[in-house]
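Here are the chains, one letter per residue:
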Amino acid sequence: MSADALELQRFAIKFFLRDPASVRPEEVLRLFHRWIQERRVEGILIDVADYAHVPDGPGVVLIGFEADYFLDSMEGPAGLLYNRKRPLEGALPARLRAALRAALDACARLEAEPEFEGAVRFRGDEALFIANDRLLAPNTEETFAVLRPSLEEAFGALWGGAARLEREGGDPRRRLAVRVRGDRPAEAAALRERLGA
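Residues numbered from 1 in each chain as written. Predicted model: local features only at pLDDT ≥ 70, side-chain atom pairs only at ≥ 80, totals over all residues. Heavy atoms only, no water.

Right, let's talk about the sheet that holds strand S7 (residues 163-167) for a bit. The strand order S2-S3-S4-S5-S1-S6-S8-S7 describes an open sheet built from eight strands, whose pairing is antiparallel. Either end of the sheet is taken by a strand with one partner, and the two such strands are strand S2 (45-51) and S7. The average angle at which neighbouring strand axes cross in this sheet is 20 degrees, direction not considered. The strands that helix H2 (residues 92-112) touches are strand S1 (11-17), strand S4 (67-72), strand S5 (79-84) and strand S6 (122-131); relative to S1, the one it contacts most, it runs at about 30 degrees. Helix-sheet contacts for helix H3 (residues 141-156) involve S1, S6, S7 and strand S8 (177-182), and the interaxial angle to S7 is about 155 degrees. (Pairing = 2+ DSSP bridges. Helix = DSSP H or I, 4+ residues; strand = E, 2+ residues; numbered from the N terminus. Axes fitted to C-alpha atoms, helices over the stretch in contact; angles between N-to-C directions. Contact = heavy atoms within 4.5 Å.)

With 21 residues, H2 should reach 30 Å at 1.5 Å per residue; the first-to-last C-alpha distance of 30 Å fits that figure. The buried count for H2 comes to 15 of 21 residues, which makes it a mostly enclosed element. (Expected span 1.5 Å × (residues − 1). Buried < 20%, exposed > 50% of the residue type's maximum accessible area, 1.4 Å probe, protein only.)

Another point: a nonpolar patch on the surface. On the surface, Ile44, Ile46 and Phe65 cluster together into a nonpolar patch covering about 290 Å² of accessible area. Among the secondary structure elements, Ile44 is positioned in the loop between helix H1 (25-38) and S2. (Patch = residues over 30% accessible without salt bridge, like charges linked within 9 Å, V, L, I, M, F, W, Y side chains within 5 Å. Areas by Shrake-Rupley, 256 points an atom, 1.4 Å probe, with all protein chains shown as cover. Salt bridge = Lys/Arg side-chain N within 4 Å of Asp/Glu carboxyl O.)

Before going further, it helps to examine the nonpolar core. Core analysis: the biggest nonpolar cluster contains 56 residues, and Phe15, Tyr69, Phe129, Phe155 and Leu158 have the highest contact counts within it. It is H2 that provides the largest number of residues to this core, a total of 11 residues. Excluding residues within four positions of it along the chain, Phe129 makes contact with Leu8, Phe11, Ala12, Ile13, Leu96, Leu147, Leu151, Phe155, Leu176, Ala177 and Val178. In terms of nonpolar packing, the next biggest core, distinct from the first, is built from nine residues, Ala12, Phe70, Leu128 and Ile130 among them. (Core = buried A, V, L, I, M, F, W, Y, C linked by side-chain atoms within 4.5 Å.)

Scanning the entire structure with this criterion turns up 24 salt bridges. Notably, a salt bridge pairs Arg40 with Glu38, separated by 2.9 Å at the nearest N-O pair. By relative accessible area, which is 25% here, Arg40 ends up partly exposed. A salt bridge links Asp105 to Arg192; its shortest N-O distance comes to 2.9 Å. Highlighted residues: Asp105 in helix H2 and Arg192 in helix H4 (residues 188-194), separated in sequence by 87 residues. Residue classification places Arg192 among the buried residues on the basis of a relative accessible area of 19%. Beyond isolated ion pairs, a larger network of salt bridges with shared partners links Arg123, Asp125, Glu126, Glu166, Glu168, Arg179 and Arg181.

Quick look at the structure:
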């Protein structure tokens with residue numbers, strides 16, 4: 001069963017804000033609507049949903065066909081969560097790298113939006129991976145062991161091969177989540193560049 005985890009297609013990657021107070025939900029709501037109009041991030045963008053009134057909830061969601069973008073505080077501190085829904089090509093490390101590129105493109109774009117005047121910055125030394133398929137990737141040590149090499153390869157590209165992984169919680173009712181830390185913090189755009197095309 002655990003080897004099936006390598007077939008994982010539905011997963012999420014989150015990068016945390018340095019200062020959660022640097023951005024207000026209503027600003028992000030307007031911004032995400034503009035991103036739809038101007039096609040500012042990859043994929044087919046459909047709508048924006050506002051859950052900012054829910055404490056520790058999904059926040060503001062840019063809903064796409066292939067993936068959703070959340071500015072949320074549901075999974076740890078506030079940040080941008082990229083939730084992949086549709087299959088990607090290639091082996092798991094390649095799929096993870098594609099998702100990392102999309103997530104970091106969005107982070108870098110948020111940082112560069114003129115209305116924030118440089119106040120929005122993401123932490124460049126930490127990320128969160130969530131397996132969003134309990135059937136293929138149950139929250140067990142065995143699944144984590146199967147996924148670890150792929151996670152180290154993909155996230156290691158961000159931090160010169162020095163990604164440290166730590167499984168978060170062991171409750172089998174929850175999704176498998178892995179905190180990933182690097183030794184070389186950098187701006188979102190610089191991390192994105194390290195992944196290449």
